[in-house]
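The chain contents come next:
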Amino acid sequence: MDSGFASHRPQQLRHPPYATALVSLLCLFAFAVYSGLSPLMQQALIDIGGMRPSAVAGLFQGSAGYDRATAWSLLTALFLHASWLHLLGNLLYFWVFGVKVEQELGWFGTLLVFLAGGALANLIVALRLPGLDTPIIGASGAISAVVGAYLGLFPRRHIGLFLPLGLYLQFARVPALFVIGSWFTLQLLYTAFGPINAAVAWWTHLAGFVLGISFALAARGIALVRQQKGAAVR
């Protein structure tokens, strides 16, 4: 069962997931370019497009002069992936949750959640770990924002999953709150007890997730105010 907010939009107004498809194509194109480079050039691409926390922290704390490339790296890092496993895992989560989010927020709103959520998640990590000089890449923070937005928009929706029961797979519809809540708990545990490299990744996930929920709640609030104003006018 969907939330009241999720059910207000007529089915005929829903459009193909343009934003979800566009982001996916950009990530695939960036990985195709990365795969065609020599190891030396691959590292150069990561150094240029990846988000280096120490550089970003210096930029936003005023300890370094303004560098446009460093500022843009908060966004460019979202489209870079170093392996097929990393890329396909991110895109799988993105399509499972992003299509439904785009049906509610539209292509512009979905792009805003992805880009702003991912960039802000990277910024939070940079400010939390200002001494880290290793570039961070990947769309994990942005996709975590989309997952958070999904939970904020559809808190009572069920997700279809294939669950292993002995030698068989059983299809079941599991509450989204349970599925995403379990995922969130794992991120929290890894953040608290994981090694430093893992902690960076998990903090990016957590920051994006919280930002995504915040965006969704703000969208629901705006929609509720508009509905109340429309009812008052009638």
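It should be emphasised that the depicted structure is a prediction, and the values quoted were computed from it without experimental measurement.

Engineer: When you look at the pattern of salt bridges in this model, what are you seeing that I'm missing?
Structural biologist: Once their charged atoms are close, side chains differing in charge can pair, the charge on each being opposite to the other. Taken as a whole and judged by the stated rule, the model has two salt bridges. In this structure, the salt-bridge partner of Asp47 is Arg52, at a minimum N-O distance of 3.6 Å. Two residues, Asp133 and Arg52, come together in a salt bridge whose shortest N-O distance is 3.6 Å. Note that Asp133 is positioned in the loop between helix H5 (84-128) and helix H6 (140-153) and Arg52 in the loop between helix H2 (39-49) and helix H3 (53-61), a separation of 81 residues in sequence. Look at Arg52 and you get partly exposed, because its relative accessible area is 23%.

Engineer: Sorry if this is basic, but what is going on with a nonpolar patch on the surface here?
Structural biologist: Among the surface-exposed residues, Tyr18, Trp107, Phe108 and Leu112 lie close enough to one another that they form a single nonpolar patch of about 510 Å² accessible area. Looking at the nonpolar patch element by element, the count peaks at three residues for H5. With respect to the helices and strands, Trp107 occurs in helix H5.

Engineer: Where do I start with the side chain of Thr20 in this structure?
Structural biologist: Examined against the element boundaries, Thr20 turns out to sit in helix H1 (residues 18-35). Residue Thr20 is classed as buried on the basis of its relative accessible area, which comes to 0%. Once residues within four sequence positions are removed from consideration, Thr20 is found in contact with Phe94, Trp95, Gly98, Val99 and Glu102.

Engineer: What exactly am I supposed to notice about the environment of Ala216 here?
Structural biologist: Mapping Ala216 onto the fold places it in helix H8 (residues 196-233). Taking the C-alpha atoms as reference, Ala216 lies 8.7 Å from Val113; in sequence the two are 103 residues apart. Setting aside anything within four residues of it in sequence, one finds Ala216 in contact with Ala149, Gly152 and Leu153.

Engineer: So what exactly am I meant to see when it comes to the nonpolar core here?
Structural biologist: Core analysis: the largest hydrophobic core is formed by 36 residues, its most contacted members being Val23, Phe97, Phe114, Val146, Tyr150 and Ile180. Mapped by element, the contributors of at least two residues to this core are H1, H5, H6, helix H7 (176-193) and H8. For this core, the leading source of residues is H6, giving nine residues. Ranked by size, the runner-up nonpolar core spans 11 residues in total, among them Met51, Val56, Ala126 and Leu132.

Engineer: Can you help me understand the environment of Phe184 in this one?
Structural biologist: Take Phe184: it is sitting in helix H7. Among the residues examined, Phe184 registers a relative accessible area of 25% and is labelled partly exposed. Once the C-alpha coordinates of Phe184 and Val210 are considered, the two residues, 26 residues apart in sequence, prove to be 9.9 Å apart. In contact with Phe184, not counting residues within four places along its chain, are Leu206 and Phe209.

Rules behind the numbers
Residues numbered from 1 in each chain as written. Predicted model: local features only at pLDDT ≥ 70, side-chain atom pairs only at ≥ 80, totals over all residues. Heavy atoms only, no water. Salt bridge = Lys/Arg side-chain N within 4 Å of Asp/Glu carboxyl O. Helix = DSSP H or I, 4+ residues; strand = E, 2+ residues; numbered from the N terminus. Buried < 20%, exposed > 50% of the residue type's maximum accessible area, 1.4 Å probe, protein only. Patch = residues over 30% accessible without salt bridge, like charges linked within 9 Å, V, L, I, M, F, W, Y side chains within 5 Å. Areas by Shrake-Rupley, 256 points an atom, 1.4 Å probe, with all protein chains shown as cover. Contact = heavy atoms within 4.5 Å. Core = buried A, V, L, I, M, F, W, Y, C linked by side-chain atoms within 4.5 Å.

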